[in-house]
Amino acid sequence: MKEDKVIDWIIHMAKNVAKSRKLNSHQLLIFNARLKTLTEVKAKLKRIDSFGGVESLISKASITGQKESLFPID
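Basis of the calculations
Residues numbered from 1 in each chain as written. Predicted model: local features only at pLDDT ≥ 70, side-chain atom pairs only at ≥ 80, totals over all residues. Heavy atoms only, no water. Core = buried A, V, L, I, M, F, W, Y, C linked by side-chain atoms within 4.5 Å. Buried < 20%, exposed > 50% of the residue type's maximum accessible area, 1.4 Å probe, protein only. Helix = DSSP H or I, 4+ residues; strand = E, 2+ residues; numbered from the N terminus. Contact = heavy atoms within 4.5 Å. Expected span 1.5 Å × (residues − 1). Polar contact = N/O pair within 3.5 Å; in protein donor to acceptor, adjacent residues only side chain to side chain. pLDDT = per-residue confidence, 0-100. Arc of directions from axis to C-beta. Axes fitted to C-alpha atoms, helices over the stretch in contact; angles between N-to-C directions. Parallel < 35°, antiparallel > 145°, perpendicular 65-115°, else oblique. Nonpolar A, V, L, I, M, F, W, Y, C, P; charged D, E, K, R; others polar.

Enquirer: An account of the nonpolar core is requested, with residue identities and associated values reported.
Expert: By size, the foremost hydrophobic cluster in this structure holds 5 residues: I7, I11, A18, F31 and L35. Elements with a minimum of two residues in this core: α1 (3-21) and α2 (25-50). If you tally residues by element for this core, the top one is α1, at 3 residues. The residues touching I7, leaving out its near neighbours within four places in the chain, are L38, V41, K42 and L45.

Enquirer: Mind laying out α2, listing which residues take part and the relevant values?
Expert: In this model, α2 (26 residues) spans 37 Å end to end at C-alpha, consistent with the 38 Å of a helix rising 1.5 Å per residue. Two to three positions downstream of the cap, the backbone nitrogen of H26 sits 3.1 Å from a side-chain oxygen, assigning the N-cap of α2 to N24. Looking one or two residues past α2, G52 carries a phi angle of roughly 100°, positive in sign.

Enquirer: Account for unusual backbone geometry, naming residues and giving values.
Expert: Of note in the backbone geometry, K22 takes a positive phi value of approximately 50° without being a glycine. Along the chain, the position of K22 falls in the loop between α1 and α2.

Enquirer: Go over the confidence of the model for the protein chain with me, naming the residues and quoting the values.
Expert: Per-residue pLDDT for the protein chain has a mean of 82; in total, 81% of the residues score no lower than 70. Confidence, expressed as mean pLDDT per element, reaches its minimum in the protein chain at helix α3 (residues 54-67) with 69 and its maximum at α1 with 91.

Enquirer: Describe α1, with residues and values.
Expert: The end-to-end C-alpha distance of α1 is 27 Å, a good match for the 27 Å that 19 residues give at a rise of 1.5 Å each. Those residues of α1 not exposed but buried are I7, I11 and A18. What you see down the axis of α1 is that its buried residues fit within an arc of 40°, all on one side. Exposed residues on α1 whose side chains face more than 90 degrees from its buried face are K5, K19 and S20. Looking at the buried side of α1, the elements it contacts are α2. Downstream of α1 by a residue or two, K22 has a phi angle that is positive, lying close to 50°.

Enquirer: Please give an account of the packing of α1 against α2 that cites residues and values.
Expert: Taken N-terminus to C-terminus, the directions of α1 and α2 make an angle of 170°; their axes are 10 Å apart at the nearest point. Our classification of the angle between α1 and α2 gives roughly antiparallel. Every residue of α2 that contacts α1 at E3, D4, I7, D8, I10, I11, A14, K15 and A18 is listed here: F31, L35, L38, T39, V41, K42 and L45. Counted by class, the contact of α1 with α2 contains 10 nonpolar, 1 polar and 5 charged residues.

Now the structure itself:
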């Protein structure tokens with residue numbers, strides 16, 4: 001199971017548990033914030049996958065970083 005499917009499953013299960021517990025307004029705010037965080041993580045994973053995965057992204061960043069200088073000489 002890929003990471004995005006796991007996140008979808010966690011969100012689905014959390015919503016089912018939240019329905020059965022009948023959260024109050026404060027708990028609902030926290031719950032919705034956590035679901036939003038999970039959705040953002042899923043979007044970031046999708047973006048990383050579009051670059052070819054973490055390893056590819058790290059190698060591209062290191063190549064770019066080699067061309068940059070912290071204290072450029074003008």
